[in-house]
Amino acid sequence: MESMLNKLKSTVTKVTADVTSAVMGNPVTREFDVGRHIASGGNGLAWKIFNGTKKSTKQEVAVFVFDKKLIDKYQKFEKDQIIDSLKRGVQQLTRLRHPRLLTVQHPLEESRDCLAFCTEPVFASLANVLGNWENLPSSISPDIKDYKLYDVETKYGLLQVSEGLSFLHSSVKMVHGNVTPENIILNKSGAWKIMGFDFCVSSSNPSEQEPKFPCKEWDPNLPSLCLPNPEYLAPEYILSVSCETASDMYSLGTVMYAVFNKGKPIFEVNKQDIYKSFSRQLDQLSRLGSSSLTSIPEEVREHVKLLLNVTPTVRPDADQMTKIPFFDDVGAVTLQYFDTLFQRDNLQKSQFFKGLPKVLPKLPKRVIVQRILPALTSEFVNPDMVPFVLPNVLLIAEECTKEEYVKLILPELGPVFKQQEPIQASNMILLIFLQKMDLLLTKTPPDEIKNSVLPMVYRALEAPSIQIQELCLNIIPTFANLIDYPSMKNALIPRIKNACLQTSSLAVRVNSLVCLGKILEYLDKWFVLDDILPFLQQIPSKEPAVLMGILGIYKCTFTHKKLGITKEQLAGKVLPHLIPLSIENNLNLNQFSSFIAVIKEMLSRLESEHRTKLEQLHMMQEQQRSLDIGSQMNASEETSVTHAGSQIDKVFNNIGADLLTGGESENKEDGLQNKQKKASLTLEEKQKLAKEQEQAQKLKSQQPLKPQVHTPIAPTKQTKDLTETLMDNMTSLTSLSVSTPKLSAPSTFTSVPSTGLSMMFSTPIDNTKRNLTNGLNANMGFQTSGFSMPVSPNQNFFSSSSTAGASAMTLGAPPTLSNYSSLSGPPAAGKQAQQRPADMSALNNLFGPQKPKVSMNQLSQQKPNQWLNQFVPPQGSPGMGSAAMGTQVNVMGQAAFGMQGNPFFNPQNFAQPPTTMTSSSSASNDLKDLFG
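Computed from a predicted model, the values in this text were never measured in an experiment. (Residues numbered from 1 in each chain as written. Predicted model: local features only at pLDDT ≥ 70, side-chain atom pairs only at ≥ 80, totals over all residues. Heavy atoms only, no water.)

> Break down the nonpolar core for me, citing the residues and quoting the values.
In this structure, Phe66, Ile372, Leu413, Phe433, Leu440 and Ile476 are the most contacted members of the largest nonpolar core, which totals 193 residues. Examining the composition of this core, we find that 9 residues originate from one element, helix H8 (residues 245-260), more than from any other. Not counting residues within four places of it along the chain, the set of residues in contact with Phe66 comprises Ala46, Trp47, Ile71, Ile82, Ile83, Leu86, Asp113, Cys114, Leu115 and Leu225. Core analysis: the second largest hydrophobic core is formed by 10 residues, Val23, Val61, Cys114 and Cys118 among them. (Core = buried A, V, L, I, M, F, W, Y, C linked by side-chain atoms within 4.5 Å. Buried < 20%, exposed > 50% of the residue type's maximum accessible area, 1.4 Å probe, protein only. Helix = DSSP H or I, 4+ residues; strand = E, 2+ residues; numbered from the N terminus. Contact = heavy atoms within 4.5 Å.)

> Provide a residue-level description of a nonpolar patch on the surface, including the pertinent values.
A cluster of nonpolar side chains, Ile583, Leu589 and Phe592, forms an exposed patch at the surface whose accessible area comes to about 330 Å². Along the chain, Leu589 falls in helix H26 (residues 589-655). Owing to a relative accessible area of 64%, Leu589 belongs among the exposed residues under this scheme. (Patch = residues over 30% accessible without salt bridge, like charges linked within 9 Å, V, L, I, M, F, W, Y side chains within 5 Å. Areas by Shrake-Rupley, 256 points an atom, 1.4 Å probe, with all protein chains shown as cover. Salt bridge = Lys/Arg side-chain N within 4 Å of Asp/Glu carboxyl O.)

> A description of the confidence of the model for the protein should follow, citing residues and the corresponding values.
When pLDDT is averaged along the protein, the result is 74, and 67% of the positions lie at 70 or above. Note on residues 926-932: pLDDT under 50 across the span, and 17 contacts to partners over four residues away in sequence or across chains. (pLDDT = per-residue confidence, 0-100.)

> How would you sum up the sheet that holds strand S3 (residues 60-67)? Please name residues and give values.
Taking strand neighbours across the sheet as the criterion, the 5 strands line up as S1-S2-S3-S5-S4 in an open arrangement whose pairing is antiparallel. Sheet topology places strand S1 (32-41) and strand S4 (104-110) at the edges, where each strand pairs with a single neighbour. On average, each strand axis in the sheet is tilted by 25 degrees relative to the strand beside it, whichever way the strands run. Two strands pair when backbone bridges link them, and S3 and strand S5 (residues 114-119) are joined in this way by 6 bridges, in the antiparallel orientation. Looking across to S5, one finds that Phe64 is bridged to Phe117. (Pairing = 2+ DSSP bridges. Axes fitted to C-alpha atoms, helices over the stretch in contact; angles between N-to-C directions.)

> Could you give an account of H8, with specific residues and numbers?
For H8, which comprises 16 residues, the first-to-last C-alpha distance of 23 Å matches the rise-based estimate of 22 Å (1.5 Å per residue) to within 8%. Counting buried residues along H8, 15 of its 16 residues qualify, which places the element largely inside the surrounding structure. (Expected span 1.5 Å × (residues − 1).)

> Could you give an account of the packing of helix H23 (residues 525-536) against helix H24 (residues 544-559), naming the residues involved and the relevant values?
Relative orientation of the contacting elements H23 and H24 amounts to 160 degrees, with a least axis distance of 10 Å. Judged by the inter-axis angle, H23 sits roughly antiparallel to H24. As for the relative orientation of H23 and H24, their crossing is left-handed in sense. Contacts between H23 and H24 pair Val528, Ile532, Leu533 and Leu536 from the former with Ile550, Ile553, Tyr554 and Thr557 from the latter. Partitioned by chemical class, the residues of the contact of H23 with H24 number 7 nonpolar, 1 polar and no charged. (Parallel < 35°, antiparallel > 145°, perpendicular 65-115°, else oblique. Left-handed = near helix turned anticlockwise from the far one by under 90°. Nonpolar A, V, L, I, M, F, W, Y, C, P; charged D, E, K, R; others polar.)

In structure tokens:
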């Protein structure tokens with residue numbers, strides 16, 4: 001790799017050094033930048049040809065340089081003769097102007113080291129193309145090395161040389177004197193141009209009809225650069241020291257022979273013995289037969305033989321040669337016409353351009369790109385000619401590679417894309433571009449497509465010409481896959497929709513729908529559902545063709561694998577639109593059948609999909625229901641039972657065993673001891689417990705229990721347990737309405753609605769939450785989903801054998817699982833929500849008159865000892881006076897109905913279904929029996 005880089009570096013350095021040394025100090029370098037050495041030409045190929053550019057305009061040129069080092073071996077006078085000969089040739093060329101002569105851009109400049117002048121861009125000399133690579137760089141360009149002349153190039157090139165000679169002979173009255181492959185230059189477009197006027201001879205009497213051309217005698221002692229090439233020189237130059245226009249025609253014949261014979265001339269000349277060689281050549285020419293010209297095409301063989309005739313008068317002149325049938329080739333004539341195109345008017349040009357597409361396929365690509373394409377694109381400056389030129393340019397673009405298209409054609413098409421004047425020409429341009437849209441989108445870079453090509457398509461959709469709109473709509477599907485999705489979604493589709501809605505042409509509207517139907521596959525599903533399908537409902541016309549177009553879009557969307565219409569869209573939008581359209585009077589039987597077939601297919605799929613969905617939902621619901629039943633069974637047997645049991649056990653352990661059994665003080669003391677064992681009490685708590693025990697003893701000694709107003713001491717904040725929550729729930733169970741005789745004011749039994757189990761005592765004390773020894777609160781309720789509590793006739797409520805009991809008590813829950821009492825709310829995270837005391841006066845008035853009023857004294861006189869024993873609180877209840885304690889004991893006694901041995905408190909009964917309640921009257925009768 002390094003060796004290759006070094007070799008490349010040395011080559012570049014050498015070339016740069018050659019160029020620098022060749023033109024150093026020459027005035028040409030002031031205006032032109034000299035580039036790479038590309039070819040050689042002129043007499044003896046002495047001129048090196050470099051490519052270059054003009055500094056001011058960046059115009060491309062060719063720089064011819066003669067390095068004086070080539071003649072260092074000659075004497076000074078010989079050097080001067082060579083320099084004079086070269087100067088004379090360039091000066092003569094500079095004065096002459098003709099399309100068949102090499103055009104000089106900058107005259108000859110001389111410096112100490114070189115001669116230089118500039119011409120039009122050049123490819124190479126004909127000698128280089130034919131294989132003579134003298135005075136070329138060591139690394140010959142592949143363009144020259146592999147260059148092969150096509151027949152049309154050869155024909156037209158020889159025709160161009162003939163035309164150039166005709167100009168010199170007829171118009172200038174001049175004999176070139178050295179027509180050779182070295183002096184025929186191929187410019188960058190491939191045209192053959194004449195140069196090398198070093199030995200030209202002008203007529204001595206130009207005004208006369210018969211010009212005379214003086215001729216110099218051949219001097220073999222002169223350097224070769226001071227003499228013409230003898231291999232292409234007519235015999236009369238040497239043998240009779242005469243020359244005329246026919247002498248150039250002989251040279252043309254030898255050039256034609258060399259072109260068809262791989263660059264080799266017909267005769268080889270010994271320059272040391274020139275006269276003997278020409279005498280032998282003259283003898284051969286007199287006996288020249290067709291067998292000697294086998295390499296020349298048959299159609300021009302006789303003309304070449306005439307050109308090589310010994311007698312000058314027999315040779316055809318230049319004008320006659322331009323008219324021979326050999327040059328009537330279609331390609332040659334076409335190229336010739338392009339060279340004279342500037343002389344034609346628009347009508348002649350238009351006729352020529354119309355027939356050009358038939359000729360272009362017959363021409364080689366290189367000839368088309370080099371010769372025809374530049375001539376065509378130069379006509380883009382004429383707006384009237386663009387519609388005639390553009391089809392040929394696009395035809396050439398099809399044969400070009402993408403790189404050639406971007407480099408040679410696309411820059412010239414830029415202004416044409418935007419041309420809008422004149423209107424008629426603009427419409428024609430749109431039509432031509434639309435017909436070749438696939439070519440443009442395939443070879444044009446994406447950025448240029450967005451900037452130039454697609455705006456032209458949008459302009460065509462909005463064009464006033466119906467023909468252009470129809471054509472545009474017809475061809476858009478052919479290149480839709482080449483358009484990027486954002487451009488199609490945001491620019492193309494909206495214009496198609498506008499064309500459909502705003503046009504007055506039925507053909508445009510139908511073509512719009514057909515176009516949309518064909519490009520649906522390039523759109524995404526939701527864009528079609530949200531944008532295309534709603535658009536169909538906006539189309540105003542009801543012609544059968546339009547209706548069938550709408551049906552086609554629906555069907556294509558419905559059946560396409562990538563798209564599809566959801567069942568919601570089918571039911572809500574598509575079918576409500578299609579069904580009314582199906583009964584339009586304009587539809588015939590076949591069209592109606594098509595509508596009905598699509599509608600039935602849609603209904604079938606709608607039914608199938610929705611039925612499948614419902615079946616799946618039903619199965620899922622069944623499975624979920626079975627799982628829920630199983631989980632409920634397990635929960636009722638395990639989780640809820642154990643949880644509820646553990647909560648109740650915890651509560652009743654905190655309350656004490658005396659509430660459950662109505663037992664004696666010994667059990668209460670045991671309960672207090674157990675409580676003290678579980679948690680060590682502070683000194684303050686122990687003092688409160690002692691006070692509660694004293695109060696309990698005083699309560700036993702009191703005869704008639706009369707409640708007194710007492711302001712409770714604010715309880716100390718203790719660690720909250722589930723006792724308080726349990727009592728809240730018990731208060732909520734007001735499903736059983738109980739009426740008892742009113743106690744002496746202000747203490748009363750209050751009846752409540754049968755929404756839970758609750759026996760409420762109202763006292764003058766606030767219904768605020770109190771901390772009792774056992775943790776119960778009168779305003780708290782125990783919530784349950786429903787249960788029954790049967791009681792046998794022989795079972796009493798206070799665990800005493802002498803207490804009359806109710807015959808039956810049935811508890812029921814409301815139908816719903818909401819809160820069972822307005823007096824309490826569900827506990828949350830161990831905190832009880834603040835409750836507002838309920839106004840029970842209405843219930844008092846409702847149930848009060850039905851029951852006799854019994855005083856507390858009368859009640860206590862019946863069974864005082866037994867009655868008091870049921871309500872003895874645990875010893876040491878803090879913050880209670882004796883009167884208040886009595887009221888609280890009553891509350892506890894009522895709350896403790898049936899706790900001992902009653903099936904209601906079995907945890908397994910919490911999950912039992914609710915039973916029917918007994919009426920409030922039966923409950924009142926039971927209480928009457930109970931309290932005597």
